[in-house]
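Working through the structure, step by step
Residue-level listing of the chains:
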Amino acid sequence: MATVGVQHHQMFIGGEGKDAAERYEIRNPANEELVATVAKGTVEDVDQAVAVAKRTFERGGWSGMTGEDRGAVLLRVAEAVSEHVEELIELEIAANGATVRQAGGFHIGLAAPHLTYFAELAAKQERERGIATAPYPTISQNVLRREPIGVCAGILPWNFPLVLALWKIGPALAAGNTVVIKTDEKTPLSTLAFARIAHEAGLPAGVLNVITGDGEDVGARLASHPDVGKVAFTGSTAVGREIMRLASQTVKKVSLELGGKGAAVVLEDADLETLADAALFGCCLYSGQMCESITRLVVPESIHDELVERIVRRAATIRLGDPADFDTDLGPVVSAEQHERILSYLEIGRAEGATVATGGGVPEGAAFERGFWIEPTVFVDVTNDMRIAREEIFGPVLCVIKYSGDPAEGVAIANDSIYGLSASVWSEDYEQALEVAAKLQAGTVWVNDVHMVDPALPFGGYKQSGLGRELGPDALNEYTEVKHVHIDLSRKREARAYDMVLSSDA
Ligand code: NAD
């Protein structure tokens, strides 16, 4: 194993690095070169990290701070992230193949602003609310409290490692919890780097712990650990079901952000020039490895051929290449496993009777002989019952589905899916577009746009795309318990309800 010049990364538990007997090799998806090694955590590391997080929570240093003080620490951490942006971008590109423009704009670029949003919420959070005096069943004063849960766990996918980690770390810490994060096996670098940056910026030891390890043992232990009060998961629907099952053993709180099969419903009056670009941006950003991508383009017959022609023409201008080059539009997919999976779906689509309008395989040329490359691909003649229209491909693959132009039919096609994460509607008539938006079964619906995610607005899925919401003004509530405190105001034994059980003449 040639590890000269390759940095080794440890886990981060209790404010310190923690190594492991075994290591993961992190390889650049663009050329398969070894870029780093990472400690491969075990079930014992989970137990240690949870014990540290539990002790830290119970000591009260973090959980007992005011929201304002916690918010101030998190703001300092967000500033430190901004100062380390270059280093984080480099790590993200090397591990997950995002292009420098995508990493700068999304993968890393969103990290500091999203954390800042949660820091500001920490200061504003209402932790205690008095309720007007209640005369029934006895006269009382009542107080509602929102309290942190304790140890919260986050289990991450590989596609947006740092930002998706912060969607869990941010609100959990802002609400006063301590956190254990398990990164994905392929892309742990940016989240591990973040933990160190946060610690150096003043986040106390033990408040945030980051472990690595395989899902089947380390992830499963975290999801079922009796001292973890909540598990927040982002990943596939299949593993999400397993997380729910594991968490049910101790009736943990669970939030799930799962798969998607986003549909764009095009109405007959859509602006085709914008739409051709939007369809490609929608399905090819980060090589289509985004849960809320446009994967199904539902197009009226009357404009189908013209729109497909425009998309195919525009797709030919997309430059694949070195992700670190600012001129590159599209990088590789993350791993050999994903590469094979996407290529197998390209075969399935052909076998099902869909026609490749552009792309359809591995790009030609010496630059693409190593690494995991897929051409931007557009399938036409797709029907919504095909596997390529029903299952998550998670690659730069767009399925164009023709319909009559009746908006009700377009909506029915879009909603005919087990998923309901994102959808969009394309029309110049906003009244009509909003009517369609109201009927689409998805947690986010964009009108004439796509991929717009804002920390101030909730994100999550209908149906099998998830449970609960991340982001938005209520984000911290997902990491709290609600406590009702009842204070007797009568101060008299006979004014209370005890005579339901006890006779007064005894
Ligand atoms: P995945 O489900 O394979 O893995 C996600 C995480 O779960 C990894 O850390 C993995 O180690 C862990 N894991 C695997 N088996 C486990 C088990 N038995 N117990 C506990 N943990 C286990 O997902 P992936 O391939 O990394 O990511 C792609 C998927 O994530 C896609 O389906 C995508 O749609 C989804 N995703 C959803 C969102 C969203 O917000 N809805 C965002 C990004 C990605």
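Located above this text is the structure these notes cover.
To start, this report covers the structure provided alongside it. (Residues numbered from 1 in each chain as written. Predicted model: local features only at pLDDT ≥ 70, side-chain atom pairs only at ≥ 80, totals over all residues. Heavy atoms only, no water.)

**So, the pairing of strand β6 (residues 128–134)**
We count it as follows: Strand pairing is defined by DSSP finding a minimum of two bridges between the two strands. Each helix is a run of H or I in the DSSP string that is no shorter than four residues. Each strand is a run of E no shorter than two, and both are numbered from the N terminus.
As paired strands, β6 and strand β7 (residues 140–148) are joined by five bridges and run antiparallel to one another. Each residue of the ladder has a partner; that of glutamate 128, found in β7, is arginine 145. If you look at the hairpin formed by β6 and β7, you'll find five residues sitting between the two strands.

**Focus: unusual backbone geometry**
To keep things clear, this is the line we draw: Note on exposure labels: buried denotes an accessible area under 20% of the residue type's maximum, exposed denotes more than 50%, and partly exposed covers the range between, all computed with a 1.4 Å probe on protein chains only.
In this chain, tyrosine 136 is followed by proline 137 through a cis amide linkage whose omega measures -5°. Within the fold, proline 137 resides in the loop between β6 and β7. Positioned with a positive phi, tyrosine 286 is a non-glycine residue whose angle comes to about 45°. On the secondary structure map, tyrosine 286 appears in the loop between α10 (272–284) and β14 (296–300). In this structure tyrosine 286 comes out as buried when scored by relative accessible area, which is 1%. Despite not being glycine, arginine 491 shows a phi value in the positive range, around 60°. Considering the arrangement of structural elements, one finds arginine 491 in the segment after β23 (480–488). Relative accessible area serves as the criterion here: at 72%, arginine 491 is assigned to the exposed category.

**Let's talk about the nonpolar core**
Note the cut-off: Buried residues of nine kinds, namely Ala, Val, Leu, Ile, Met, Phe, Trp, Tyr and Cys, make up a nonpolar core once their side-chain atoms join them within 4.5 Å. Boundaries of every domain are those given by an automatic assignment or by a domain database. Here, two residues are considered to be in contact whenever any of their heavy atoms come within 4.5 Å of each other.
Formed by 71 residues in total, the largest nonpolar core has its most connected members in Val77, Ile169, Leu173, Phe194, Leu203 and Leu208. A per-element tally of this core places helix α6 (residues 161–174) first, with ten residues. Here this core spans two domains, since at least three of its residues come from each of domain 1 (10–258 + 465–484) and domain 2 (262–447). With residues up to four places along the chain from it excluded, the contact list for isoleucine 169 reads Val179, Ile181, Phe194 and Leu208. Formed by 32 residues, the second largest nonpolar core is a distinct cluster that contains Ile348, Ile393, Val411 and Ile413.

**A few points about the packing of aromatic side chains**
Here is the rule: We call Phe, Tyr and Trp rings a pair once their centres come within 6.5 Å, taking the six-membered ring for Trp, and we label the pair stacked below 30 degrees between planes, edge-to-face above 60, and tilted otherwise.
Under the criterion given, the structure shown has six aromatic pairs. Among the aromatic residues, ring-to-ring pairing joins Trp158, Phe160, Tyr286 and Phe394 into one connected group.

**A look at the site of the ligand**
Rule in force here: Throughout this document, a residue counts as near a molecule or strand when at least one of its heavy atoms sits within 4 Å of that molecule or strand. Two N or O atoms form a polar contact when they lie within 3.5 Å of each other; inside protein one atom must be a possible hydrogen donor and the other a possible acceptor, and for residues adjacent in sequence the pair counts only when both atoms belong to side chains. All residues other than Ala, Val, Leu, Ile, Met, Phe, Trp, Tyr, Cys, Pro, Asp, Glu, Lys and Arg, Gly among them, are scored as polar; the first ten of these are nonpolar and the last four charged.
In the neighbourhood of the ligand, 29 residues make up the surrounding shell, with Leu156, Lys182, Ser236, Leu258 and Glu392 lying closest. Contact distances for the ligand include 3.0 Å between an oxygen atom and a side-chain N or O atom of tryptophan 158. Going through the elements one at a time, α8 (215–224), β11 (230–234) and α9 (237–248) are the ones with two or more residues in the shell around the ligand. The dominant element in the shell around the ligand, judged by the number of residues it contributes, is α9, at four residues. In the shell around the ligand, the residues fall into 15 nonpolar, eight polar and six charged. Both domains that meet at the shell around the ligand, namely domain 1 (10–258 + 465–484) and domain 2 (262–447), each give it at least three residues.

Keep in mind these values describe shape, not function.
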